[in-house]
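Tertiary structure, described
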2 protein chains.
Amino acid sequence: MPEQCNQAMLALRDSIEIWGGKWKLMILLYLTIKVNEKNYFMEMARGIPGISGKMLSKELKDLEMNQLVKRIVHDTKPVTVEYSITEYGKSFVPIAEQLLKWGLSHRKVVKEK
Amino acid sequence: MPEQCNQAMLALRDSIEIWGGKWKLMILLYLTIKVNEKNYFMEMARGIPGISGKMLSKELKDLEMNQLVKRIVHDTKPVTVEYSITEYGKSFVPIAEQLLKWGLSHRKVVKEK
DNA sequence: CTGGATCCCTATGGATACTG
DNA sequence: CAGTATCCATAGGGATCCAG
């Protein structure tokens, strides 16, 4: 294998490590749909079916580390925390849409056999 | 959340379940690059850095189940098995390319901070 | 050569309870 | 409300050996 292919494989793995797993794409979708609303932690947990608080917390932290999600703490009492997608995070939205389309059509393909 | 959003989230998860994990995209890339060659098991294992035989075997089986990879057994002795990407599998290649590009550029973004 | 079987360790992720 | 800490069950994945 030429060296360039290794680079390509590693880049692919980077993407999958960031967006892989059960929840990250769903969170991205949620924040994309609700981009004009205030997205508070509890409401997000309710809006993403099946996610636990622990997971939501962890995943949001990961996404924040990668500068894909922004976290804003409001000094209310009790505190509320608002999440939103960053401009950079939006750069992945077209790809997520492709994945979404592919996933939808794949259901049909598998069902047809 | 409207019902339609749940469908979208599930479709996203379908995609990530099929292509997620450490190896599937790398296998797809391998078979895409070497689409004009005979791809035997051992050679693939050598060409995908770090993969174990067990994992390659399992991942290929998963991909075959989803009709993304074709498996051809040659009646030589000892037997050799040839793998290739299906036409349907190729439908994901453009998305993989997007993921690849995104992964490459993400390295720079993270490095810059 | 192909790839399944086994063993084993670690990462993932759920439930619950608790703190600021 | 927004998380953290703890406990625990299961899945992911590596190493090695073995059979067709």
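Right above here is the structure, for reference.
Description of the structure in this document. (Residues numbered from 1 in each chain as written. Chains lettered and ligands numbered in written order. Predicted model: local features only at pLDDT ≥ 70, side-chain atom pairs only at ≥ 80, totals over all residues. Heavy atoms only, no water.)

Quick word on the interface of chain B and chain A
The extent of an interface is frequently quoted as the accessible surface area lost upon association of the parts. On the side of chain A, 47 residues touch chain B, which itself brings 47 residues to the contact. Both sides together, the interface formed by chain B and chain A hides about 4500 Å², and carbon and sulfur atoms give 69% of it. On the chain B side of the contact with chain A, M9, L12 and W102 of chain B bury the most area, a combined 17% of that side's loss. Applying the counting criterion to the chain B and chain A interface returns 2 salt bridges. A salt bridge links D14 of chain B to R107 of chain A; the nearest nitrogen and oxygen atoms lie 2.6 Å apart. Where chain B meets chain A, there are 12 residue pairs in polar contact (both at pLDDT 80 or more). Breaking the side of chain B that touches chain A down by element, the ones donating at least two residues are α1 (3-19), α2 (24-33) and α6 (93-112) of chain B. The biggest single contributor to the side of chain B that touches chain A is α1 of chain B, with 13 residues. Split by residue class, the side of chain B that touches chain A holds 30 nonpolar, 11 polar and 6 charged. (Contact = heavy atoms within 4.5 Å. Buried area = accessible area lost by both parts, 1.4 Å probe. Salt bridge = Lys/Arg side-chain N within 4 Å of Asp/Glu carboxyl O. Polar contact = N/O pair within 3.5 Å; in protein donor to acceptor, adjacent residues only side chain to side chain. Helix = DSSP H or I, 4+ residues; strand = E, 2+ residues; numbered from the N terminus. Nonpolar A, V, L, I, M, F, W, Y, C, P; charged D, E, K, R; others polar.)

Comments concerning the environment of I27 of chain A
All names here are of chain A. Its place among the elements puts I27 in helix α2 (residues 24-33). For I27, a relative accessible area of 0% translates into the label buried. Ignoring anything within four residues of it in the chain, the contact list for I27 reads M44, I48, I51, L56, E59, L60 and L63. (Buried < 20%, exposed > 50% of the residue type's maximum accessible area, 1.4 Å probe, protein only.)

Regarding the environment of L31 of chain A
All names here are of chain A. With respect to the secondary-structure elements, L31 resides in helix α2. For L31, a relative accessible area of 2% gives the class buried. Distance in space between the C-alpha atoms of L31 and G21 is 17 Å, their sequence separation being 10 residues. Once residues within four sequence positions are removed from consideration, L31 is found in contact with N39, M44, V69, Y83, S84 and I85.

Here's the deal with the protein's contact with DNA strand D
Looking at DNA strand D, there are 17 residues lining it, with M42, R71 and Y83 of chain A together with K54 and M55 of chain B nearest. The sugar-phosphate share of atoms of DNA strand D within 4 Å of the protein amounts to 68%. Residue K61 of chain A places a side-chain N or O atom 3.4 Å away from a phosphate oxygen belonging to DNA strand D. The separation between a phosphate oxygen of DNA strand D and a polar side-chain atom of K22 of chain B is 3.1 Å. Elements represented by at least two residues in the surface near DNA strand D include exactly α3 (41-47), α4 (53-65) and β3 (80-85) of chain A together with α4 (53-65) of chain B. The residue inventory of the surface near DNA strand D, partitioned by class, reads 9 nonpolar, 3 polar and 5 charged. (Near = heavy atom within 4 Å.)

Points about the relation of the copies chain B and chain A
Overlay of chain B on chain A (RMSD 0.0 Å): rotation 180 degrees, translation along the axis 0.0 Å. Both chain copies can therefore be described as sitting about a two-fold axis. When C-alpha distances to the rotation axis are compared across chain B, the minimum falls at G20 of chain B, with a value of 2.8 Å. Counting the interface residues of chain B, we find that 100% of their copies in chain A are interface residues as well, pointing to one common contact surface. (Least-squares fit on C-alpha atoms with pLDDT ≥ 70 in both.)

Digging into the pattern of salt bridges
Enumeration over the complete set of coordinates arrives at 16 salt bridges over all chains. Here E43 of chain A ties to K34 of chain A by a salt bridge, and the two come within 4.0 Å at their closest N and O atoms. Accessibility expressed as a relative area gives 30% for E43 of chain A, which makes it partly exposed. The class for K34 of chain A is buried, based on a relative accessible area of 13%. Salt-bridge contacts for E82 of chain B lead to K38 of chain B; the nearest nitrogen and oxygen are separated by 3.9 Å. Residue E82 of chain B is located in strand β3 (residues 80-85), and its partner K38 of chain B is located in the loop between α2 and β1 (39-40); the two are separated by 44 residues in the primary sequence. A cluster of three or more residues bridged by salt bridges with shared partners is formed by K24, K58, E59 and D62 of chain A.

Concerning the pairing of β3 of chain A
Residue and element names in this part refer to chain A. Note that strand β1 (residues 39-40) and β3 share 2 bridges and pair antiparallel. Across the sheet, the residue bridging to N39 is Y83, located in β3. Taken together, the 6 bridges between strand β2 (residues 69-74) and β3 define a ladder with antiparallel strand orientation. Paired with V69 across the strands is I85, a residue of β3. Hairpin connection between β2 and β3: a loop of 5 residues separates the two successive antiparallel strands. (Pairing = 2+ DSSP bridges.)

Take it as geometry only, folks, not as evidence of what the structure does.
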